[in-house]
Amino acid sequence: MSKEYLVLTARDPDRHVECQDYVIHRHAQAVMSHRAFQGVFKRYVAHRPVRLGVRTDSRHLYDARPDIPLIVEHVCEDASLFRRALQDDDHKAAIKPDEEYIGREFLSGPPMVIETTETEIFAGSGAGLFHVFDFRKRHPETSPDGFSSWLDEEGSALAASAEFRSVVSRRVHSLVSKDEAVYAEDGGTGASTGRAYDAGTETWTDSLEDLARACTRRRGRGTRDAWTPCRASPSSPPSTS
């Protein structure tokens, strides 16, 4: 399975809602309705960061990232189908002007694409109101294999923690690939493959306050960077896994 995070950065934070509405309700719908993309995505979801006022006032678990209007998730069973769809001439003719408009009108620069390999740590029956992204970078003195092992150990510990699972409905760990991201190579938008991070973790919860308390008590080694709590806004119904 192929999974990418497409991270958009805005030219004007005051136009976040306008950007979100355009991408979700116009651009994404045009992509999903094009014949080249039929059957390509397992999940295609646009995640909108919550308003600052939704975050806890007593403690800030996450760094504010006012420059990010959307994190778009591309998940495919077969990356070659995604690549083929992006290279389709009719798709490029139909969608390219729209992507150029989004970049010109809303974005501060080309998107960053983070290619990952996903591992589900646990999943309950609920979806969770907040979908929290945590982009993580290993310490310089930790080897890639050591970081991967630590991430596995953290996942096992969290899955076994009754306290953590009482406030978290789903947890996913994704190691960042060293390969070029498909959308960066074939999207035609100037997007770059993001290599600033070594892993992404995703946490679904109904309460940022409860999650903050649980994480504060379970801080371990490893660094956190660019935490962005989001509400999920599927541009098409996500498939169940």
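Bear in mind the structure is a predicted one, so any value in this text is a computation, not a measurement. Residue indices follow the written sequence of each chain, beginning from 1 at its first position. Thresholds applied to this predicted model are a pLDDT of at least 70 for local features of residues and 80 or more for the giving and counting of side-chain atom pairs; totals over whole chains, interfaces and linings are not thresholded and use all residues. No hydrogens and no water enter the side-chain calculation; it runs on all heavy atoms of the structure.

Enquirer: How do you make sense of the confidence of the model for the protein when you look at a structure like this?
Expert: Low pLDDT means the predicted atomic positions in that stretch should not be read closely. Taken over all residues, the pLDDT of the protein has a mean of 83, while the share at 70 or more is 84%. A low-confidence stretch, residues 56-60 stays under pLDDT 50, and its non-local contacts, those more than four residues away or across chains, total six contacts. Predictor confidence is given residue by residue as pLDDT, running from a minimum of 0 to a maximum of 100. Working rule for contacts: check all heavy atoms of both residues, and any pair within 4.5 Å makes them a contact. In the model, residues 220-241 has pLDDT below 50 throughout and makes 81 contacts with residues more than four positions away in sequence or in other chains.

Enquirer: I'm lost on the nonpolar core in this one. Help?
Expert: The nonpolar side chains of a soluble globular protein tend to be buried with one another. Of all hydrophobic cores here, the largest spans 30 residues; its most connected members are Phe37, Val40, Phe41, Leu70, Phe82, Val113 and Tyr183. A helix here means a DSSP run of H or I that spans at least four residues, while a strand means a run of E at least two residues long, and both kinds are numbered starting from the N terminus. For this core, the secondary structure elements donating two or more residues are β1 (2-8), α1 (16-33), β2 (41-49), β3 (70-76), α2 (79-87), α3 (89-105) and α6 (182-186). Put simply, a nonpolar core is a bunch of buried Ala, Val, Leu, Ile, Met, Phe, Trp, Tyr and Cys residues held in one set by side-chain atoms that sit within 4.5 Å of each other. Relative accessibility decides the category of a residue: with a 1.4 Å probe and only protein chains considered, values under 20% of the type maximum give buried, values over 50% give exposed, and everything between is partly exposed.

Enquirer: Looking at this structure, I do not really get the packing of aromatic side chains. What am I missing?
Expert: Between two aromatic rings, the relevant description is the distance of the centres plus the angle of the planes. Here the aromatic set is Phe, Tyr and Trp, taking the six-membered ring for Trp, and pairing holds for ring centres within 6.5 Å; pairs whose planes are under 30 degrees apart are stacked, those over 60 apart are edge-to-face, and all others are tilted. Using the criterion set out here, one finds 13 aromatic pairs in the structure. Between Phe37 and Phe82, the ring centres sit 6.2 Å apart and the planes meet at 65 degrees, which makes this aromatic pair edge-to-face. With a gap of 45 residues between them, Phe37 in the loop between α1 and β2 and Phe82 in helix α2 connect regions that are remote in the sequence. Looking at Phe82, the relative accessible area reads 2%, which means it is buried. Among the aromatic residues, ring-to-ring pairing joins Tyr5, Phe133, Phe135 and Tyr197 into one connected group. Geometry around Phe122 places Arg165 over its ring, the cationic atom sitting 4.3 Å from the centre. Charge over a ring is defined by NZ of Lys or CZ of Arg lying within 6 Å of the ring centre and within 35 degrees of the ring normal. The ring of Trp204 carries Arg170 above its face, with NZ or CZ at 4.6 Å from the centroid.

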